[in-house]
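Structural characterization, general
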Protein chains: 2
Amino acid sequence: MKLPVTKARSVSRSELYELTEFAGQLADAAGAAILPYFRSSVEIDHKPGRGDFDPVTVADIAAETVMRELITQTYPEHGIFGEEFGSFTGTSGLTWVLDPIDGTRAFISGIPLWGTLIALHNGEQSVIGVADQPYLQERFIGNSLQATLYTRSGETRLHTRQCDKLSQATLMATSPDIFDTAHEKDKFESVAAAAKMTRYGGDCYAYCMLASGFVDVVVEAGLQPYDIQALVPIIENAGGYVTDWSGGNDLASGRVVAAGCQALLQEVIALTGQSPGD
Amino acid sequence: MKLPVTKARSVSRSELYELTEFAGQLADAAGAAILPYFRSSVEIDHKPGRGDFDPVTVADIAAETVMRELITQTYPEHGIFGEEFGSFTGTSGLTWVLDPIDGTRAFISGIPLWGTLIALHNGEQSVIGVADQPYLQERFIGNSLQATLYTRSGETRLHTRQCDKLSQATLMATSPDIFDTAHEKDKFESVAAAAKMTRYGGDCYAYCMLASGFVDVVVEAGLQPYDIQALVPIIENAGGYVTDWSGGNDLASGRVVAAGCQALLQEVIALTGQSPGD
């Protein structure tokens, strides 16, 4: 499933304020729908045609439903691109990209590193991104004005960390098992072998920690648009970079490198970039 | 570093109440010492002779220091076995086994799945175990009376989940990289291949989620006594099992299987158990 890339629809500063506020309301509604199911007995469906094991919880569906309802009521002209219920194009040139629970495996394991991902895409790029962890009461929001973490104890402006050398870098990925082909595994392993430390098990939270300056690089593959679009404005407006494995903007490839600084990005894409004939 | 196994020193019910209360005070003190350093700029030392990379934070040292002071003041006859400052035998037959920050890699990556581990060992086994996550305000406590999770919103009695088949089980391990030898890697991979789902990145939190009934099995290697002793009373008193890879009680081997039910334990140790000639 690909997010259609069209002409960029410009978003004014006042729209950006209004729609960022609305994105927060979507996250509030999703969190309220999801939390009763976290660490409770959850019915797990099996998505047909999705391979071995891809748990979908009732919480996932409940949260996407409430977010879609809110969008349809408030901005009926806006498009919607969601994990659970597919896409609706709209007429505004703006599309909400929704992943109610990124990290369903973390979720069903009781691990509070899953998140609700909400992006507003203008046809060219995401102009607003929200990653919300309602159990931790942490909300990461990025737009062209700023990238900020909101918690119980206040708000913190996000800044990525300068780390010029991969040999000094903390690398994260959700799992070594997300790399499907030998090619992908080899590329990832070449990055892991050069990094100071590799840690698994982050899902969206790994990108949030990169935006917060505690992780230097995330390398993943097999991502859907709703897995990454919300994270781009958070990382970029915290000073970081999100590209495909060749350093370009083909995030629809599902192969993503996020890095806290330009020097590190260059060192990583030199390893992950496509060889001739790939 | 091995925990000396001696004659079991019996602990009365009233002692158990008193010492469990005291273990909670140790966790309070450790959390207060550690939290100011979590997600702040932390000085990272390099432990000599520990291989490539083993971060030790100032928080780690600060927390073990305050716990040792409290023990020495309150129970000068008790032994102490800590990660940072070695062991003190004492005269009581009881030893506090301390890991101020289990999961230092999670800690320095900003991921709130590290924990303070506190066990009281009676020469034969741990009779009290505490796993405390002060950022999440979650405290898991196990003793022969009960296993309980204390959170901001109250307390929950812990129960492992019945999962009779590995093909239905959620497996966790901190990282595929914790298995040093080809033998260990092969054994772990045989378990992972048979499990329904494998998730990495738990540290002590994976065992806590097993005690909570959201994870079915944890298989790890290279553990030190202070990495596992506190988790045993939490898991066992929630209905689960902790053994070495052969199903015995040689946790000093560092190779640990934790399982939520007996049938699953048996299926896993049939895979991890030592072959003749190992």
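Quantities reported herein were computed from a predicted structural model and do not represent experimental measurements. (Residues numbered from 1 in each chain as written. Chains lettered and ligands numbered in written order. Predicted model: local features only at pLDDT ≥ 70, side-chain atom pairs only at ≥ 80, totals over all residues. Heavy atoms only, no water.)

Take the overall build of chain A next. Looking only at helices and strands, one finds eight helices and 15 strands in chain A. A globule of 278 residues ought to have a C-alpha radius of gyration of about 19 Å, and chain A, at 18 Å, matches this closely. Taken along its principal axes, the extent of the C-alpha atoms in chain A is 50 × 45 × 45 Å. By the burial criterion, 59% of the 278 residues in chain A qualify as buried. Within chain A, contacts between residues at least 6 apart in sequence are counted, and of these 62% link residues at least 24 apart. (Helix = DSSP H or I, 4+ residues; strand = E, 2+ residues; numbered from the N terminus. Rg over C-alpha atoms; globule rule 2.2 N^0.38 Å. Buried < 20%, exposed > 50% of the residue type's maximum accessible area, 1.4 Å probe, protein only. Contact = heavy atoms within 4.5 Å.)

When the parts come together, some accessible area is lost, and that loss is often what is quoted as the size of the interface. On the side of chain B, 34 residues touch chain A, which itself brings 35 residues to the contact. For the chain A and chain B pair, buried surface summed over both sides reaches about 2900 Å², with 60% attributable to carbon and sulfur atoms. Remark: the boundary between chain A and chain B carries four salt bridges. In this structure, Arg39 of chain B and Glu138 of chain A form a salt bridge, with 2.9 Å as the shortest nitrogen-oxygen distance. Here chain A is connected to chain B by ten residue pairs in polar contact (both at pLDDT 80 or more). (Buried area = accessible area lost by both parts, 1.4 Å probe. Salt bridge = Lys/Arg side-chain N within 4 Å of Asp/Glu carboxyl O. Polar contact = N/O pair within 3.5 Å; in protein donor to acceptor, adjacent residues only side chain to side chain.)

This next bit is on the environment of Ala206 of chain A. Secondary-structure assignment places Ala206 of chain A in helix H5 (residues 204-211). For Ala206 of chain A, the contacting residues outside a window of four places in its chain are Met172, Val215 and Val218 of chain A.

For chain A, the average pLDDT comes to 90, and 92% of its residues sit at 70 or higher. Reported confidence for the predicted complex is 0.89 by ipTM and 0.91 by pTM. (pLDDT = per-residue confidence, 0-100.)

All names here are of chain B. Where helix H1 (residues 13-34) meets helix H2 (residues 58-74), the axes come as close as 8 Å, and the angle between the chain directions of the two elements is 150 degrees. With respect to each other, H1 and H2 are oriented roughly antiparallel. In this structure, H1 meets H2 at a crossing whose hand is right-handed. Here Phe22, Gln25, Leu26, Ala29, Ala30, Ala33 and Ile34 of H1 come into contact with H2, specifically with Ala59, Ala62, Ala63, Val66, Met67, Leu70, Ile71 and Thr74. When grouped by side-chain class, the residues that make up the contact of H1 with H2 number 13 nonpolar, two polar and no charged. (Axes fitted to C-alpha atoms, helices over the stretch in contact; angles between N-to-C directions. Parallel < 35°, antiparallel > 145°, perpendicular 65-115°, else oblique. Left-handed = near helix turned anticlockwise from the far one by under 90°. Nonpolar A, V, L, I, M, F, W, Y, C, P; charged D, E, K, R; others polar.)

This part takes up the domain arrangement of chain A. Residue and element names in this part refer to chain A. Structurally, chain A comprises domain 1 (13-157) and domain 2 (166-272). Relative to domain 2, the C-alpha centre of domain 1 lies at a distance of 21 Å. Facing the 32 residues of domain 1 at the interface are 18 residues of domain 2. Of the roughly 1800 Å² buried between domain 1 and domain 2, counting both surfaces, carbon and sulfur atoms make up 68%. (Domains from an automatic or database assignment.)

Turning to the relation of the copies chain A and chain B, a few remarks are in order. Copy one and copy two of the chain differ by a rotation about an axis and a translation along that axis. Rotating chain A by 180 degrees about the axis while translating it 0.0 Å along that axis superimposes it on chain B, leaving an RMSD of 0.0 Å. The two molecules are tied by a two-fold rotation axis, judged by turn and shift. Relative to the rotation axis, the C-alpha of Gly201 of chain A is the closest in chain A, positioned 2.3 Å from it. A share of 97% of the interface residues of chain A reappears at the interface of chain B, consistent with the copies meeting face to face through the same patch. (Least-squares fit on C-alpha atoms with pLDDT ≥ 70 in both.)

Glancing now at the sheet that holds strand E15 (residues 256-259) of chain A. Strand pairs in the sheet, formed through backbone hydrogen bonds, run parallel or antiparallel to each other. Residue and element names in this part refer to chain A. The five strands lie next to each other as E12-E11-E13-E15-E14, forming an open sheet whose pairing is mixed. Of all the strands in the sheet, just strand E12 (197-200) and strand E14 (241-244) have a single pairing partner and so form its edges. Direction aside, the axes of adjacent strands within the sheet are offset by 20 degrees on average. With four bridges joining them, strand E13 (residues 217-220) and E15 adopt antiparallel strand pairing. If you follow Val217 over to E15, its bridge partner there is Ala259. Lying on the sheet, H5 is in contact with strand E11 (170-173), E13 and E15; it crosses E13 at an angle near 155 degrees. Contacts from helix H8 (residues 262-272) reach E13, E14 and E15, with the element oriented near 155 degrees to E15. (Pairing = 2+ DSSP bridges.)

All names here are of chain B. Read across the sheet, five strands follow the order E12-E11-E13-E15-E14 without closing on themselves; strand pairing throughout is mixed. At either margin of the open sheet sits one strand with a lone partner, and together these are strand E12 (197-200) and strand E14 (241-244). Across this sheet, the average inter-strand angle for adjacent strands is 20 degrees, counted without regard to direction. Sheet topology places E14 next to strand E15 (residues 256-259); four bridges connect them, and they run antiparallel. When the sheet's bridge partners are listed, Thr243 is paired in E15 with Val257. This element, helix H4 (residues 182-194), spans strand E11 (170-173), E12 and strand E13 (217-220) of the sheet and lies at about 150 degrees to E11. Here helix H5 (residues 204-211) sits on the sheet and contacts E11, E13 and E15; the angle it forms with E13, its principal contact strand, is near 155 degrees.

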